[in-house]
Amino acid sequence: DTVRPSVSLSSKLPGWLTVQNDRELLSDLMNQARQRHHEAIQKARASYFHGPATELSKKESEKSLESQILDEYEVHANGKIPDFDTELERRLFVTNEETPLFSEQECQDVVAKAESHFGDQPWSRLPSGQYDVAGFWIRDVPSVHEWFNKMLQERLFPLLVKKFPHFVPDMTDLCVDNAYVFKYTPETGRRTDVHTDSGCLSFTISLNKNDEYQGGGTWFEGLEGDTEVIEMNIGQCTVRPGGVKHCGHAIKEGTRYIIGGFCMSNSKVEYVRMLLGLGSEYFSKGDVEKSKQAFEAAIALNPDFDGSYSNLADVLTKSGERKKAREVLEYCLKEVNPQSGEIAYSLGANYLENKDYEKVKTCMLLALESDDSDVDAMEALAEVYAVQKDADAEAKWYHRIVETPGASDTALCKAYCNLGVMSEGMEEEIEYYIKAIEYRPDRFAPRYSLGCAYATKKEYEQAIQHFRHAAGLAEDNSEEQQQALQTLYRVASLHLQASGAMASITSQADAVQKFMEVIGKENYERLASLKR
Ligand SMILES: O=C(O)CCC(=O)C(=O)O
Ligand SMILES: [Fe+2]
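All figures in this text were calculated on a predicted structure; none of them were measured in a lab. (Residues numbered from 1 in each chain as written. Chains lettered and ligands numbered in written order. Predicted model: local features only at pLDDT ≥ 70, side-chain atom pairs only at ≥ 80, totals over all residues.)

Let's talk about the overall build of the chain
Cut-off, in case you're wondering: To qualify as a helix, a DSSP run of H or I must reach at least 4 residues; to qualify as a strand, a run of E must reach at least 2; elements of each kind are numbered from the N terminus. The contact rule is simple: place each C-beta atom from the backbone, and if two of them lie within 7 Å, those residues are in contact.
When you go through the chain residue by residue, the secondary structure sums to 19 helices and 13 strands. Counting only C-alpha atoms and orienting by the principal axes, one finds that the chain spans roughly 95 × 55 × 45 Å. By sequence separation, contacts in the chain at least 24 residues apart represent 70% of the contacts at least 6 residues apart.

Structure follows, in C-alpha cells:
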C-alpha cells in the first residue's frame, strides 16, 4: 500500500550531500520513515474519526457540500512543499462567506464548550516556534472531540475528497494526525510562527465573527496579488496542502477562535516529513550521527524543500559544527529559497556567533522581509547595534519590537527593560522598567534596574522594595541574587543614615534589628551566609 516517494530527479543535489551514495543506508532510513508513517496512522486513527460515510452522514455531506461555493487562491512561493509536490497543487480553497461550512450556532456551541472546559482557569498553551498561543488538542476535550469527529465524517473529509479527488479518491484513506482549537488574544498569544503543518492536507475553521477582533487571519507565503492574508468570517473553512508555509497572523485586539486540523493519507507516505521527525527523534535521544543522516536523506528526496536544510543546520549548530551549518544554510538561501525567512534568520544567528555583523544585518533584514513581525530578528539587530555602539539604531529596534502586535511578553519585557537601561537618568527610564515588569513580573532584570533607578534618585524606600523583590526573584545563591543583596545592603545603609534612624541606635543588637526590618529577615540571612 505504498507509493513511490516523489523524488524530483531533475533537481540538483548540493555538493556536500553524501547520503544518496550509500544505498543501503538510504533504504534503511526509508524503511524507518515508512514505519513511522504507519505508527502515525495508527495513532491518528485511535485519536480521531476515520472510516467510511454512513447513509446518514452521506446525506448530511451532500446537503452541506452541494451549495458550497469555494474561492481559490494560487500560491507562488519559492521551493517546494515537503511531500507530494507533483500530486498536490499549491492552492487554497476557502468556503465562501455566503456558504460557510459551519453555521453560526455550531461555531458558537464549540466555543462555549471550549470555554466551559476551562471555566475560570487559564487556557492551556500550545507552543509555535518563538510564540505561544492559548489552545488545546481537540482529543483532550471530550465535548469538542465528539462534535469534531462527527464533522470529520459529515463535512471535513467529504470536502477534502471533493477538492483533492486525485490525491484522496476516498475518505476512508484519510485520518487526522492532530487537531486543535486556538484562542488568540493580545494577552494569551497573538500569532503563530511561520510553519508547515504536520500533515499533507490541512484545514482551518474560523469559529467566531470577524468583527470580534482586529488583525488576525492566516498569512500564506506566496499568495498572488493584493491578498497576503486570508481572512474568514464565522463558519468559513480553508482546505489546502499542509506543506504550504503559513502563520496565524497577529491580532491586535479582541479574540479570535479557530480550529486547525492536519490530515494524513493512509496510502501515501510523507517520506520527507517522516524523515524530519525521525531526525529530531534521533537527536533528542543523543544520536547526532543518525539525526544528520535522516535530515540529509530528506534533502536527497526533496532538495527543493528548505525546511530540511534548516533542521540539518540546527543539529550541526547544536553539535558544535557551526561552519558546516553555515555552508548548509548559505547553500539553501542561494540555491533553494532566497526568500526563506527561517533560513535567513538561522544564518544570521550563525553569523552573529562569528561576530560577522554586517552579514547578520543583511540576513535579519531578509528575515524581516518575509515576516515583518519577526521579533527574534529584531532582537538580533538590536544586539548588533549595541555591540557597534550605535545607540540610535539599537533603540529603534527596541521601539519596533514594542510596536509589533505579535511580540511575546518575554520579548516585550526585554525590549522595555533595554529601553530603560538606554535612558539611564532620564525621565522615562522608570516608566520603561514598569512596563517591562507588567509583561513579565517574574524577571529579575527590570525589577533590579527599577531599584537602581529609584536609588539614584535617592528614593531609597522605593528602591529597597524593588531590590528585596529582585533578590526573591533571583535563584538562590546565584550571581544575580548576590548583586541584588549587595546593592540592597548599600542602599539600606544610605536609607538609615538619610532618615536619621542611625542616631537613635544605641546598641549592636538594636542596629541589627533595624537593619533586618529594612531589608527583611530572609535577605539578612542570605547576606550573612554570603559573608561567611
Ligand atoms: O491562525 C490561523 O489562521 C492559522 C493557524 C494554523 O497554523 C493552522 O491552521 O494550521
Ligand atoms: Fe498551521
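After that view of the structure, there is still more to cover.
Observations concerning the domain arrangement of the chain
Using the following cut-off: Start and end points for every domain follow an automatic or database-based domain assignment.
Taken domain by domain, the chain consists of domain 1 (56–269) and domain 2 (443–532). Here domain 1 and domain 2 have C-alpha centroids that lie 54 Å from each other.

Points about the sheet that holds strand β11 (residues 246–248)
Put simply, the rule is: The pairing criterion for strands is at least two bridges between them, as found by DSSP.
Spatially, three strands are ordered β9-β8-β11 in an open sheet, and the strand pairing comes out antiparallel. The open sheet has two edge strands with one neighbour each: β9 (229–230) and β11. Here strand β8 (residues 218–220) pairs with β9 via two bridges, running antiparallel. Looking at β9, one finds that T218 is bridged to I230.

A short note on the pairing of strand β10 (residues 237–241)
Test applied: Exposed residues have 12 or fewer other C-beta atoms within 10 Å of their own C-beta, buried residues have 20 or more, and residues in between are partly exposed; the C-beta atoms are placed from the backbone.
Within β10, five of the five residues are buried, leaving the element largely enclosed by the surrounding structure. Of the pairings in the sheet, the one linking strand β6 (residues 201–206) to β10 comprises five bridges and is antiparallel in character. The residue of β10 that forms the bridge with L201 is P241.

Focus on helix α15 (residues 444–456)
Residues spaced three or four apart along an α-helix face the same direction, because each turn holds 3.6 residues. Spelled out, the test is: By this rule, a helix spans an expected 1.5 Å times one less than how many residues it contains.
For α15, spanning 13 residues, the distance from its first C-alpha to its last is 18 Å, which sits close to the expected 18 Å at 1.5 Å a residue. Turning to α15, its buried residues are F444, A445, P446, R447, Y448, S449, L450, G451, C452, A453, Y454 and A455. Buried-residue contacts for α15 involve α13 (409–422), α14 (429–439), α16 (460–473) and α17 (479–498). At the C-terminal side of α15, K458 shows a positive phi close to 60 degrees.

Notes on the site of ligand 1
Note the following rule: Placing the C-beta atom from the backbone, one calls a residue near a molecule or strand if that atom lies within 6 Å of it. Under the scheme applied, nonpolar residues are Ala, Val, Leu, Ile, Met, Phe, Trp, Tyr, Cys and Pro; charged residues are Asp, Glu, Lys and Arg; polar residues are all the others, including Gly.
Taken together, T192, D197, S202, T204, T218, H246, G248, I258 and G260 make up the full set of residues near ligand 1. Of the residues assigned to the shell around ligand 1, the class counts are one nonpolar, seven polar and one charged.

A look at the pairing of strand β2 (residues 91–95)
Strand direction decides the pairing type here: strand β1 (residues 70–74) and β2, joined by five bridges, are antiparallel. Looking at β2, one finds that E74 is bridged to R91. Both β2 and β10 contribute to a ladder of two bridges, which runs antiparallel. In the sheet register, F93 faces β10, and the bridge partner there is V239.

Some points on the UniProt feature "repeat: TPR" (unreviewed entry) in the chain
Spelled out, the test is: UniProt positions are given in the numbering used here, feature names are shortened, and annotations may be inferred rather than shown by experiment.
Per the UniProt record, "repeat: TPR" (unreviewed entry) is annotated on residues 272–305 and 444–477. Between the end C-alpha atoms of residues 272–305 the distance is 9 Å, and the span holds 79% helix and 0% strand. The span residues 444–477 carries 79% helix and 0% strand; its end-to-end C-alpha distance comes to 14 Å.

A look at the packing of helix α1 (residues 23–47) against helix α6 (residues 288–301)
We apply this condition: A fitted line through C-alpha atoms serves as each axis, taken over the contacting stretch for helices, and the angle formed by two N-to-C directions is quoted from 0 to 180°. Throughout this description, any angle smaller than 35 degrees is read as roughly parallel, any larger than 145 degrees as roughly antiparallel, any in the 65 to 115 degree range as roughly perpendicular, and the remainder as oblique.
Two elements in contact, α1 and α6, have axes separated by 10 Å at closest approach and are oriented at 90 degrees. For the element pair α1 / α6, the angle class is roughly perpendicular. When α1 is examined against α6, the residues L25, L26 and L29 are found in contact with a partner set consisting of Q293, A294 and A297.

Focus on the sheet that holds β6
Read across the sheet, eight strands follow the order β1-β2-β10-β6-β13-β5-β4-β3 without closing on themselves; strand pairing throughout is antiparallel. What marks the edges here is a single partner per strand, and that holds for β1 and β3 (125–128). When the angles between neighbouring strand axes are averaged without regard to direction, this sheet yields 30 degrees. Each of β2, β5 (174–184), β6, β10 and β13 (256–265) is contacted by helix α4 (residues 142–163), which is oriented at about 115 degrees to β5, the strand it contacts most.

Quick look at the packing of α17 against helix α19 (residues 521–531)
The interhelical angle for the contact between α17 and α19, taken along N-to-C directions, is 105 degrees, at an axis separation of 10 Å. Relative to α19, α17 is oriented roughly perpendicular. Here Q482, L485, L488 and Y489 of α17 come into contact with α19, specifically with N523, R526, L527 and L530. The residue inventory of the contact of α17 with α19, partitioned by class, reads five nonpolar, two polar and one charged.

Some remarks on the nonpolar core
Note that soluble globular proteins tend to have their nonpolar side chains buried in a common cluster. Just so we agree on the cut-off: Under the definition applied here, buried Ala, Val, Leu, Ile, Met, Phe, Trp, Tyr and Cys residues are grouped into a nonpolar core through C-beta atoms within 7 Å.
Ranked by internal contacts, the top residues of the largest apolar core, which has 149 residues, are L160 and L275. Considering each element in turn, this core owes the most residues, nine residues, to α4. Counting residues domain by domain, this core receives three or more from each of domain 1 (56–269) and domain 2 (443–532). Those residues in contact with L160 that sit more than four places away from it in its chain are V168, L174, L201, V239 and C263.

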